[in-house]
Amino acid sequence: MMTSRGPGMGAGIRSNTSSSDWLWPLLKRHSLMMLLGLLLSLLALLTGMGLLSLSGWFLSATALAGLTVTTAQAFNFFTPAGGVRALSIARTASRYGERLVTHEATFRALTTLRSLAWQALLPLGEARLGGVRRGELLNRLVADIDTLDHLYLRLAVPLLSFLLGLLTLLGMLAWLDPALALILGTGLLFSALCLLLLTYPLGRKAAQGQVQGRRNYRVALLEFISAQGELALFGATDRYRAALDELELGWQHCQRQLAALAGLSQGFTILLHGALVLLILLLVSNGVGSNQPPGALAALVLFVALSTMELLSPLSTAFAQLAGTLEAANRVDDLLTAPPGVEFVSQGPTVTEGRIELRDVDFAYPDCAPVLKGISLELAPGSCTALIGKTGSGKSSLLALLTRSWEPVHGEILLDGLPLAAYSEAELRRAITVVSQRVHVFSASLRDNLLLANEAATDAELTAVLAKVDLGHLALDAWLGDGGRPLSGGETRRLGIARALLRDSPILLLDEPTEGLDRHTEAQMLRLLLAHCRGGDESASENQDVIENQAGAEGLAERSPKALAKGECKQGRTLLMISHRLTAMAQMDQICVLEQGQIVARGDHGQLLSEFAPYARQYRR
Ligand SMILES: Nc1ncnc2c1ncn2[C@@H]1O[C@H](COP(=O)(O)OP(=O)(O)OP(=O)(O)O)[C@@H](O)[C@H]1O
């Protein structure tokens, strides 16, 4: 069965599969363009070397031909001159084409890689990414992926061009003088090996340091920018800025080391190559193949040897960057091959009733003590349940299990009689609406912020919902979030509630939906949400009175059944509400009290008032 990936157990991004999972498909997808780029690069190298060699030979041959009138008249100037012109045009064109195609191939590969990274990242969700800092993610998505342009552009192309160029060149030279070809080939391979042995170990620390330094700096910078207010209030800006400067200096130090190494390896390349050219000069003076004295052929071979610098030169940069590129590849690899903690089936049944059942559920975060122990709970379709308990007792964790953000360690959770795992992610998200503690306001218009919940909603529906949550004073076109109108804490909560009211799902999970609201607004919002679940008239004022009265007065248990018979819920949506406060408890079909991960009391409002003293005490406080 096909599966999609979701958030799961284990904090942070960790990989346990191989990079071939993404690297080969990526190469395959852009293989034609990459191959064309490689061929053009090879052509540019060969035509460049051909141009230098032919020009050298042409000048020498012309000089030699000019020694006597007969040879001067017999010498064919036109063909080599035409060859030089053709090669120079071909060189310019192929170099231009090579730059165009290799960069295009790189950008396309990076685009694919970035979308693969998003595909891998999005389903990981809060749970798996909980241990990863935001700047770190940004770094992986942007900087590390960008560093991978070295992989093809500055590593694969120069290396393959070197090998193929060398083979072609030696094949041609061997036709003139096999011994010379062998010596030149061995010399070039030896030089390349020396470069690798010099630059890779020397540059490894600096290259890795550069990649990590950039990561650390970006992470710290992002934190520094987003914590500006806090830093200013506590007078810690200078201290944090100094730490940031220190990180930057460390990063720059690695960059300087790499630049110095690049200079050193270039110098070393010139030295090795110069020695090789000298050796060839000595050898060709004794003749080239059967041509003794070699005449203009000596110049040809010498210029061939000189032109091989074009093959060697890009290798020094490639090897110096090798360690950094591999480091970035490893980090991208970790992201792309992070093992799925929760598997979602791609197709499954539809949630119709909204019946939820937890059977003996235990849960613990990775490497942490148990958070939930032996939870058994049944939420009948259309029923309203409140989960109350002290902070840290595990209420939000229980909601996270219902949305499959995490999996229970033991026990099972059934939805409409089937395990949660039977449902596709899309169906689960459709069936469950969550109003979480933190409501994210997007940098977008109020309309877009609402359409997130229901993209088919009309402006009239949006305006009506806004009026219900007391945000009617805001225009739908008002720009919210960064660079826009900031919402107060209470307004943000009400925006979250408005989103929930726009959704038509059989289950509603509320995590402290009214935290931070005043009593009157809290009562009003709960009335809306309860009426939404019940499918009744959300503006019924009698119910509002009841809930408002409950917020602080005694005697609610007697009044509430009159206003809102619990059985009414049964026709509507299943509601599970987490709360610290005991507002609207009389409207709940059941109330569960959670303490240190265990349900220590359950019943309706009346039962708990009379049978569970801590509840009664808290209620009357
Ligand atoms: N991602 C996590 N990794 C490790 N421990 C966690 C994680 N999330 C929560 N916890 C821990 O699990 C315990 C229960 O947390 P939870 O958020 O479920 O409690 P809560 O009852 O909802 O608290 P509150 O009312 O303050 O929101 C706490 O001790 C908390 O520190």
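Residues numbered from 1 in each chain as written. Predicted model: local features only at pLDDT ≥ 70, side-chain atom pairs only at ≥ 80, totals over all residues.

**Quick look at unusual backbone geometry**
Quick note on the threshold: Strands are runs of DSSP state E lasting at least 2 residues, helices are runs of H or I lasting at least 4, and numbering of each runs from the N terminus. Any residue with 12 or fewer other C-beta atoms within 10 Å of its own C-beta is exposed, any with 20 or more is buried, and the rest are partly exposed; the C-beta atoms used are placed from the backbone.
The phi dihedral of aspartate 416 falls on the positive side, at around 50 degrees, and the residue is not glycine. Mapped onto the secondary structure, aspartate 416 falls in the loop between β6 (410–415) and β7 (418–419). Overall, aspartate 416 belongs to the partly exposed group, with 18 C-beta atoms counted inside 10 Å. Even without glycine at this site, glutamine 596 takes up a positive phi of about 45 degrees. With respect to the helices and strands, glutamine 596 occurs in the loop between β11 (590–595) and β12 (598–603).

**Focus on the confidence of the model for the protein chain**
Worth spelling out the cut-off: Along the chain, pLDDT gives the predictor's confidence residue by residue, from 0 to 100. By the convention adopted here, residues are in contact when the distance between their C-beta atoms, placed from the backbone, does not exceed 7 Å.
For the protein chain, per-residue confidence averages 82 on the pLDDT scale, and residues scoring 70 or more make up 88% of the total. For the protein chain, the element scoring lowest by mean pLDDT is helix α20 (residues 556–563), at 35; strand β3 (residues 356–364) scores highest, at 95. A low-confidence stretch, residues 1–17 (pLDDT under 50), is modelled with 60 contacts involving residues beyond four sequence positions or located in other chains. Segment residues 540–570: pLDDT under 50, and 54 contacts once partners within four positions in sequence are set aside and those in other chains are kept. Note on the complex model: pTM 0.68, ipTM 0.97.

**As for the sheet that holds strand β8 (residues 432–435)**
What counts, and what does not: Any two strands with at least two DSSP bridges between them are considered paired. Fitted lines through C-alpha atoms give the axes, limited to the stretch in contact for helices. The angle between two N-to-C directions lies from 0 to 180 degrees.
Pairing in this open sheet of six strands is mixed, and the strands run β8-β9-β10-β5-β11-β12 from one edge to the other. On the outer flanks of this sheet lie β8 and β12, each paired with one strand and no other. Neighbour-to-neighbour, the strand axes of this sheet turn through a mean angle of 15 degrees, independent of strand direction. The pairing of strand β9 (residues 507–511) with strand β10 (residues 574–579) spans five bridges and is parallel. From the neighbouring strand, leucine 509 faces β10, where its bridge partner is leucine 576. Each of β5 (384–389), β8, β9, β10 and β11 touches helix α13 (residues 395–402); the most contacted strand, β9, lies at about 150 degrees to it.

**Quick look at the site of the ligand**
For clarity, the threshold we go by: Defining nearness, a residue is near a molecule or strand when the C-beta atom obtained from its backbone falls within 6 Å of it. When residue character is reported, Ala, Val, Leu, Ile, Met, Phe, Trp, Tyr, Cys and Pro are called nonpolar, Asp, Glu, Lys and Arg charged, and the others, Gly included, polar.
Taken together, 12 residues lie near the ligand, and Tyr365, Thr391, Lys395, Ser396 and Ser397 sit nearest. Top contributing element to the shell around the ligand by residue count: α13, with three residues. Its residues assigned to classes, the shell around the ligand shows three nonpolar, eight polar and one charged.

**Some details on the nonpolar core**
Put simply, the test is: Nonpolar cores are identified as sets of buried Ala, Val, Leu, Ile, Met, Phe, Trp, Tyr and Cys residues joined via C-beta atoms within 7 Å.
Membership of the largest hydrophobic core comes to 74 residues, with the highest contact counts inside it found for Leu180, Ile280, Val284, Val301, Leu302, Val304 and Ala305. Of all the secondary structure elements, the ones that give two or more residues to this core are α1 (20–29), α2 (31–65), α4 (78–121), α7 (149–176), α8 (178–226), α10 (237–284), α11 (296–307) and α12 (309–336). It is α2 that provides the largest number of residues to this core, a total of 14 residues. Leu372, Leu379, Met525 and Met577 belong to the second-largest nonpolar core, a separate cluster that totals 72 residues.

**Let's talk about helix α17 (residues 489–502)**
Where we set the bar: To estimate how far a helix should extend, the number of its residues minus one is multiplied by 1.5 Å.
Between its first and last C-alpha, α17 extends 20 Å over 14 residues, near the 20 Å set by a 1.5 Å rise per residue. Within α17, 11 of the 14 residues are buried, which leaves the element mostly enclosed by the surrounding structure. Of all the positions in α17, only Glu491, Arg493, Arg494, Leu495, Gly496, Ile497, Ala498, Arg499, Ala500, Leu501 and Leu502 are classed as buried. Those residues of α17 that are buried are in contact with β8, α15 (446–451), α16 (459–468), β9 and α18 (519–534).

**Focus on the packing of α10 against α12**
The test is simple: By the definition adopted for this analysis, an angle is roughly parallel if under 35 degrees, roughly antiparallel if over 145, roughly perpendicular if from 65 to 115, and oblique otherwise. Less than a right angle of anticlockwise turn of the near helix away from the far helix marks a crossing as left-handed, whereas a clockwise turn marks it as right-handed.
Their axes nearest at 9 Å, the elements α10 and α12 cross at an angle of 150 degrees. Compared by their axis directions, α10 and α12 come out roughly antiparallel. You can see that α10 and α12 cross each other, and the crossing is right-handed. Across from Leu258, Leu261, Ala262, Ser265, Gln266, Thr269 and His273 in α10, the residues of α12 making contact are Met309, Leu312, Ser313, Ser316, Thr317 and Ala320.

**What about the environment of valine 600?**
Structurally, valine 600 can be placed in strand β12. For valine 600, a count of 14 C-beta atoms within 10 Å corresponds to the partly exposed category. Remark: the alpha-carbon pair of valine 600 and phenylalanine 612, spanning 12 residues in sequence, is separated by 9.5 Å. Not counting residues within four places of it along the chain, the set of residues in contact with valine 600 comprises Val593 and Glu595.

**Thoughts on the pairing of strand β4 (residues 370–379)**
For β3 and β4, the ladder comprises six bridges, and the chain directions are antiparallel. Bridge pairing in β4 links valine 361 to isoleucine 375. From the end of β3 to the start of β4, which pair antiparallel, there are five residues, and aspartate 367 there has a positive phi angle of about 60 degrees.

**With respect to the packing of α2 against α4**
Two numbers describe how α2 lies on α4: the axes approach to 7 Å, and their chain directions differ by 155 degrees. Relative to α4, α2 is oriented roughly antiparallel. Relative to α4, α2 is oriented so that their crossing is left-handed.

**Structural notes on the pairing of β10**
Each regular strand displays side chains that alternate between the two surfaces of the sheet. The element β10 is extensively covered by neighbouring structure, given that six of its six residues are classed as buried. Residues Thr574, Leu576 and Ile578 of β10 are buried on one face, and the alternating residues Leu575, Met577 and Ser579, pointing to the opposite face, are buried as well. Where β5 and β10 come together, five bridges link them in parallel fashion. Bridge assignment links alanine 386 to a residue of β10, and that residue is methionine 577.

**Some thoughts on α7**
Definition in use: What is called the bend at a residue is the angle between a pair of axes, fitted to the seven residues leading up to and ending at it and to the seven starting from it.
Compared with an ideal rise of 1.5 Å per residue, which puts 28 residues at 40 Å, α7 spans 39 Å between its outermost C-alpha atoms and is within 8% of the ideal. Along α7, the sharpest kink reaches roughly 35 degrees, centred on alanine 156 and followed within four residues by the proline proline 158.

**A word on the sheet that holds β6**
The strand order β4-β3-β6-β7 describes an open sheet built from four strands, whose pairing is antiparallel. Across the chains shown, the open sheet's two edge strands, defined by having one partner strand only, are β4 and β7. Two elements, β3 and β6, share five bridges in a ladder whose sense is antiparallel. The partner of arginine 359 across the bridge, within β6, is glutamate 412.

**Some thoughts on the environment of serine 316**
Inspection of the secondary structure puts serine 316 in helix α12. Considering only alpha carbons, one finds serine 316 and threonine 269, 47 residues apart in sequence, at a separation of 7.4 Å. If near-sequence neighbours (up to four positions away) are discounted, serine 316 is found in contact with Leu195, Thr199, Ala262, Ser265, Gln266 and Thr269.

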